[in-house]
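Summary of structural features
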Amino acid sequence: MFHELVFYCKELEAFIFRNQIQEFKEGEHDSFFAEEMLKTIQSESLKIPQSEKQKYPTLPWDKMDTMWQKDLARAYDYIDLKMLYYICAYEIPKFPKTIKLEIR
């Protein structure tokens with residue numbers, strides 16, 4: 001159930017690390033890719049039932065489920081690039097490290 005969420009979180013983390021991204025700049029493809037990945041991560045998080053999320057109370061599920069509306073979209077077609085970088089580099093990597101999966 002968490003496999004897809006963890007997969008996308010790890011992919012985004014690897015993208016930031018592999019490309020040695022220190023910040024996002026307006027109009028660059030890196031920020032567009034990160035935006036799309038965060039939309040996908042949010043979508044996957046919304047698919048997880050509340051009963052499963054309660055097993056990991058230390059994770060900020062509410063923030064994950066609403067990050068696009070509350071934290072990133074500041075106005076029509078404007079994305080807060082500093083917040084985008086912070087979420088991608090510091091918040092998203094917490095999820096795969098906290099969720100314990102048994103992949104068989």
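In what follows, the accompanying structure is described. (Residues numbered from 1 in each chain as written. Predicted model: local features only at pLDDT ≥ 70, side-chain atom pairs only at ≥ 80, totals over all residues. Heavy atoms only, no water.)

**What about the packing of helix H2 (residues 29-47) against helix H5 (residues 81-91)?**
Running from N to C, H2 and H5 cross one another at 60°; their axes reach a closest spacing of 11 Å. By the angle class used here, H2 and H5 are oblique. Considering only the axes of H2 and H5, their crossing is left-handed. Here Ser31, Ala34, Glu35 and Leu38 of H2 come into contact with H5, specifically with Leu81, Leu84, Ile87 and Cys88. Split into classes, the residues belonging to the contact of H2 with H5 amount to 6 nonpolar, 1 polar and 1 charged. (Axes fitted to C-alpha atoms, helices over the stretch in contact; angles between N-to-C directions. Helix = DSSP H or I, 4+ residues; strand = E, 2+ residues; numbered from the N terminus. Parallel < 35°, antiparallel > 145°, perpendicular 65-115°, else oblique. Left-handed = near helix turned anticlockwise from the far one by under 90°. Contact = heavy atoms within 4.5 Å. Nonpolar A, V, L, I, M, F, W, Y, C, P; charged D, E, K, R; others polar.)

**Observations regarding the pattern of salt bridges**
Between side chains of opposite charge, pairing is possible as soon as their charged atoms come close. Counting across every chain of the model gives 6 salt bridges. Taking the shortest distance from any N to any O, the salt bridge between lysine 97 and glutamate 13 comes out at 3.9 Å. Separated by 84 residues along the polypeptide, lysine 97 in helix H6 (residues 94-98) and glutamate 13 in helix H1 (residues 3-18) bring together distant segments of the chain. Relative accessible area serves as the criterion here: at 62%, lysine 97 is assigned to the exposed category. Overall, the relative accessible area of 27% leaves glutamate 13 in the partly exposed class. When the shortest N-O distance is used, the salt bridge between aspartate 65 and lysine 53 registers 2.6 Å. (Salt bridge = Lys/Arg side-chain N within 4 Å of Asp/Glu carboxyl O. Buried < 20%, exposed > 50% of the residue type's maximum accessible area, 1.4 Å probe, protein only.)

**As for the side chain of lysine 53**
As for its position among the elements, lysine 53 is in helix H3 (residues 50-53). When near neighbours in sequence (up to four residues on either side) are disregarded, lysine 53 contacts Ser45, Leu46, Ile48, Trp61 and Asp65.

**A look at H1**
In an α-helix, one turn spans 3.6 residues; hence positions three or four apart end up facing the same way. When the terminal C-alpha atoms of H1 are compared, their 22 Å separation across 16 residues agrees well with the 22 Å that a helix rising 1.5 Å per residue should span. Among the residues of H1, Leu5, Val6, Cys9, Leu12, Phe15 and Ile16 are the ones counted as buried. Remark: glutamine 20 follows H1 within two positions and exhibits a positive phi of approximately 50°. (Expected span 1.5 Å × (residues − 1).)

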